[in-house]
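A structural walkthrough
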Amino acid sequence: MINKKSVLFIIAMVFAVASAVHAAKPINLRTEYLVNPIGLDATHPRLTWMLNDNRQGSKQTAYQLIVGTDSAAVSKGTGNSWATTKVISSNILATYQGKALQPYTRYFWRVDVWDQDGKKATPSEVNSFETGVMKMINWKGSWISDDENYNVKPAPYFRTTFGTGKKVKSARAYIAAAGLYELYINGKKIGNHRLDPMYTRFDRRTLYGTYDVTNNIAAGKNAIGVLLGNGWYNHQSTAVWNFHLAAWRNRPAFCMDLRITYDDGTFETISSNERWKTDFSPITLNSIYTAEHYDARLEQPGWNTINFDDKKWKPAFNRPTPSQNIVAQAMHPIRNVETIPSKSVNKFDDKTYVFDLGRNISGVSKITVSGKAGTVIRLKHGERLLKNGHVDLSNIDLHYRPTDDKDPFQVDIFILSGKGQESFMPKFNYKGFQYVEVTSSEPVDLTKESLTGYFMHSDVPPIGNVKTSNPTINKIWYATNNSYLSNLFGYPTDCPQREKNGWTGDAHIAAETGLYNFDGITIYEKWMADHRDEQQPNGTLPSIIPTAGWGYEWGNGPDWTSTIALIPWNVYLFYGDTKILADNYENITRYVNHINDLYPTGLTTWGLGDWVPVKSVSPVEVTSTAYYFADVTIAAKVAKILGKADDVAKYTALATKIKNAFNAKYLNQQTGNYNKGLQTELAVPLYWGMVPDAFKAKIAARLAARVAADNFHLDVGILGGKAILGALSDNGYPDVAYKIASQETYPSWGWWMVNGATTLYENWKIDAKSDISLNHIMFGNIGAWLYSGIGGIKPDELQPGFKNVLLQPNFVPNLNQFEARHKGPYGDILSSWKRNGDAVNYIVNVPANTTADIRFPLTDGKKAYLNGKPITANYRIAAGNYQFIIK
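To start, this report covers the structure provided alongside it. (Residues numbered from 1 in each chain as written. Predicted model: local features only at pLDDT ≥ 70, side-chain atom pairs only at ≥ 80, totals over all residues. Heavy atoms only, no water.)

**Considerations on the sheet that holds strand E3 (residues 62–68)**
So the rule is basically this: At least two bridges found by DSSP between two strands are what make those strands a pair. Under the DSSP-based scheme used, a helix requires at least four consecutive residues in state H or I and a strand at least two consecutive residues in state E, with every element numbered from the N terminus.
Strand order in this open sheet of four strands is E4-E3-E6-E7, and the pairing throughout is antiparallel. In this open sheet, the two edge strands, each paired with only one partner strand, are strand E4 (82–83) and strand E7 (127–130). In this structure, E3 lies alongside strand E6 (residues 106–114), joined through seven bridges in antiparallel fashion. Counterpart to valine 67 in the pairing with E6 is tryptophan 109.

**Some details on the pairing of strand E17 (residues 277–280)**
One ladder, built from four bridges, connects strand E9 (residues 156–164) with E17; its direction is antiparallel. Bridging from a neighbouring strand, arginine 159 pairs with lysine 277 of E17. As paired elements, E17 and strand E20 (residues 314–315) share two bridges and run antiparallel to each other. Of the residues in E20, the one forming a bridge with threonine 278 is lysine 314.

**Some thoughts on the nonpolar core**
For clarity, the threshold we go by: Only buried Ala, Val, Leu, Ile, Met, Phe, Trp, Tyr and Cys residues count toward a nonpolar core, and they belong to the same one when joined by side-chain atoms within 4.5 Å. With a 1.4 Å probe rolled over the protein chains alone, any residue whose accessible area is under 20% of its type maximum counts as buried; one over 50% counts as exposed, and the rest are partly exposed. In this analysis, two residues are considered to be in contact whenever any of their non-hydrogen atoms come within 4.5 Å of each other.
By size, the foremost hydrophobic cluster in this structure holds 209 residues, and its most contacted members are Phe414, Ile724, Trp749, Tyr842 and Phe884. With twelve residues, the single largest contributor to this core is helix H9 (residues 620–641). Contact partners of isoleucine 724, with chain neighbours within four places excluded, come to Gln679, Ala683, Leu703, Val707, Leu714, Val716 and Ile740. Ranked by size, the runner-up nonpolar core spans 26 residues in total, among them Ile144, Leu228, Ile260 and Ile270.

**Let's talk about the pairing of E7**
Taking every second residue as pointing to the same face, both faces of E7 are buried, with Asn127 and Phe129 on one and Ser128 and Glu130 on the other. Examined bridge by bridge, E6 and E7 share four bridges and lie antiparallel to one another. For arginine 106, the partnering residue across the bridge sits in E7 and is glutamate 130.

**Structural notes on the sheet that holds E9**
In a beta sheet, neighbouring strands pair by backbone hydrogen bonds and run either parallel or antiparallel. With antiparallel pairing, six strands are arranged side by side in an open sheet as E12-E11-E14-E9-E17-E20. Only two strands of the sheet have a single neighbouring strand rather than two, namely strand E12 (188–189) and E20.

**Focus: the side chain of serine 323**
Selection rule: Two N or O atoms count as a polar contact when they lie within 3.5 Å, although within protein this holds only if one can serve as hydrogen donor and the other as acceptor, and sequence-adjacent residues are included solely when both atoms are side-chain atoms.
By the secondary structure assignment, serine 323 is in the loop between strand E21 (317–318) and strand E22 (326–328). A relative accessible area of 3% places serine 323 in the buried class. Looking at serine 323, its side chain comes within polar contact range of the side chain of threonine 206, at 2.9 Å. Once you skip the residues sitting within four places of it in the chain, serine 323 turns out to touch Met136, Phe202, Asp203, Arg204, Arg205 and Thr206.

**What to know about the packing of helix H7 (residues 563–575) against H9**
Keep this limit in mind: Only the stretch in contact is used when a helix axis is fitted, and all axes are lines through C-alpha atoms; the angle between N-to-C directions ranges over 0 to 180 degrees. We call two directions roughly parallel when the angle between them is under 35 degrees, roughly antiparallel when it is over 145, roughly perpendicular when it lies between 65 and 115, and oblique otherwise. Less than a right angle of anticlockwise turn of the near helix away from the far helix marks a crossing as left-handed, whereas a clockwise turn marks it as right-handed. Basically, the charged four are Asp, Glu, Lys and Arg, the nonpolar ten are Ala, Val, Leu, Ile, Met, Phe, Trp, Tyr, Cys and Pro, and anything else, Gly included, counts as polar.
One way to put it is that H7 packs onto H9 with a least axis distance of 9 Å and a crossing angle of 50 degrees. By the angle between their directions, the pair H7 and H9 is classed as oblique. Between H7 and H9 lies a crossing whose hand is left-handed. Of H9, the residues touching H7 (which contributes Ala565, Leu566, Trp569 and Tyr572) are Tyr627, Asp631, Ile634, Lys637, Val638 and Ile641. Its residues assigned to classes, the contact of H7 with H9 shows eight nonpolar, no polar and two charged.

**Considering the environment of glutamate 553**
Looking at the secondary structure, you find glutamate 553 in the loop between helix H5 (521–534) and helix H6 (558–561). We classify glutamate 553 as exposed; its relative accessible area is 69%. C-alpha of glutamate 553 to C-alpha of aspartate 610: the two residues are 57 residues apart in sequence and 18 Å apart in space.

**Considering the pattern of salt bridges**
The following threshold applies: Any Lys or Arg side-chain nitrogen located within 4 Å of an Asp or Glu carboxyl oxygen qualifies as a salt bridge.
Per the counting criterion, the structure on display carries 44 salt bridges. Here glutamate 130 makes a salt bridge to arginine 172, at a shortest N to O gap of 2.6 Å. Linking glutamate 130 in strand E7 with arginine 172 in strand E10 (residues 168–178), this pair joins segments that are 42 residues apart in sequence. The pair glutamate 130 / arginine 172 is uniform in exposure class, with both members buried. Between aspartate 530 and arginine 205 there is a salt bridge; the shortest N-O distance is 2.9 Å. Of the two residues, aspartate 530 sits in helix H5 while arginine 205 sits in the loop between E12 and strand E13 (206–212), which places them 325 residues apart along the sequence. In this structure, a network of salt bridges that share partners links the residues Glu32, Arg46, Glu525 and Asp577.

Pasting the structure below:
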């Protein structure tokens, strides 16, 4: 028999469980978009969070932030650095405004929020951030290198020892480098980053990294080792971009402070200086552009440990500081993100093997082999095979200008020590490849397991996913992401093999694809700082960023260098953070003012045009003027956001002038056509908003008819490729856009897929004679269009950061099922639909603290239903999960 107490207990438990299910709580706390980062220089760091609340209509009505240096106090709601009052706001981003942050200090923070009922939610967990050096004056170390000329090939080792007499509470290593480095303490490599620090314009900005090395410091004597690589700083290989002529070029150097805090509250700093010792390492050549050579016979075992005898080593040599602007590398680092075993190996003989990874990647290979001392192993990396099965480099060595045969392109050289099984993986290089041809001077026995690939890139968290009932579309999405990541190394690049350059045009074309799929704000903010470093006083930007000087006179018109406006604007739309707009506003306006000075009519012919077209060539003036218009339009919008009323009027008027001049020259009002009516000529004005409202329907119909006349195949280059799918799907022709996107015959993305592509190509023609890299991102906007054009997930310019989600799905014919997920700043957004006979089931998830405006594509008398009741074609929902039926 159940007594009264038992009943009350059961009821209480039921209420407790129900309350737990619905309990709101702030989650996913980030500082400067990183999780518990250390080594920040930001004096007013941004704090962000999400609201975890699965109730329908859930939202945040207020928040309170607590920041302090005592974690226990912060956990109890007390902060000695900053404690806001209860702020009535749904914002999930706040900029620190407390006491001045001190260097080398760990701060703890939490956020309390109030839900839609005005009830205080469960407090967040306590998170932290830690400041770094913060000011140049705080550096204690000297910049050191060896005293070799920059043409000397071997990479240098550096070492020192130090003692600790007290118990270590914490230890941080701060290290900046001109070039690349690996840091070791007591023989152990510190961290799992690759190619640190990120590439910048070295004479204007140098990055430093911070590492928690508390657990690496031993009681008593310790040893520090540093290995330096050339990177882009000391470019010893020669190519058309002349990095070997860079004004900053020198022997790589570094500066380091190891700051140790003891249990008694005291601290000491072990710094780089001329008393460190240096010698050559076994890396006999390292080039970020070509490859790495390693002679295992030259190894010095224990070089970075305490008991190593360094009497024969030379003293280090003081070097000038590469720049007067050494700042924290506050971004997602490059890592070996994915391990890829060889899919197969083809043995030609005992000295020749070709390994196939089964997919094209950026990164390195690692070989494990045994052989005689002095055996030379050559590892040639390429994207294609010759008919005879050997690796073919002819599609990617176009721009290499070797002065001799000692630095072959994408060919690592490993000389064996003969001491049993040995492994080699480059430290200061990466390549673009699928195949590795291994040749040896003496016979070696290799198996499929002897070689492994490592997919390297900036380790940005994935935040998007697309799944469809069309396998070709799925492959296109996968290949697009592979190419995007293959071209993300602290800055966006064009290809990971023959160039590795930060081509601006490629980057802005792929920006939305990246933002839908990956949390990349830290990379883009860093790259915009590179833009600011490179911009000339008159506003001119180079076509590759960073650069040693190449690109200011070629290919840097607005169709490429619109990155200065397009990247900040898109990051703002996706994150709702105005900082990137404020940081770059003066640069945007200086840039568009310069174009206005050069081309006062409003029309500009400055640019490369619709690069790598299928067959038809559109006028450069059409595409470049469209990008110029886009930049000026963004300048006006940003001016409004930043409260610059005079600039709003100025740039709104300039945009109108450009638009009017463009339409006066190219729009035929009688026929409703632009110029010759090519795909690019129609798509680009539609996509960038240059078409007068009265003519949009006619131009869209013209474009759809043009595509039909081209048998629903592409006839565009990269600028037309950026515009065409969105121009169609946003103007009433999503079915035509999908027909193009899902094609499997030449020319199309699907054509690449059915021919075995795992990345996107540089040319629609697989057998083209030029422009035939097999891992380019410049046709990559299709990745973004899958989210926006079919899934219909779009940011709302009026409530950016997906505070209000625009959901405009297109249930295109010949596709039975589609799902797109994107994790925005507020949480997970889902747009998923599936055909059920003549009906479509549409499932939506809108995260807590947001709303969504849905536009249903109701045609042929169909209606949308929610819970069995008909609703309007335009329908607003609050946060939650919804299932609609369209029939």
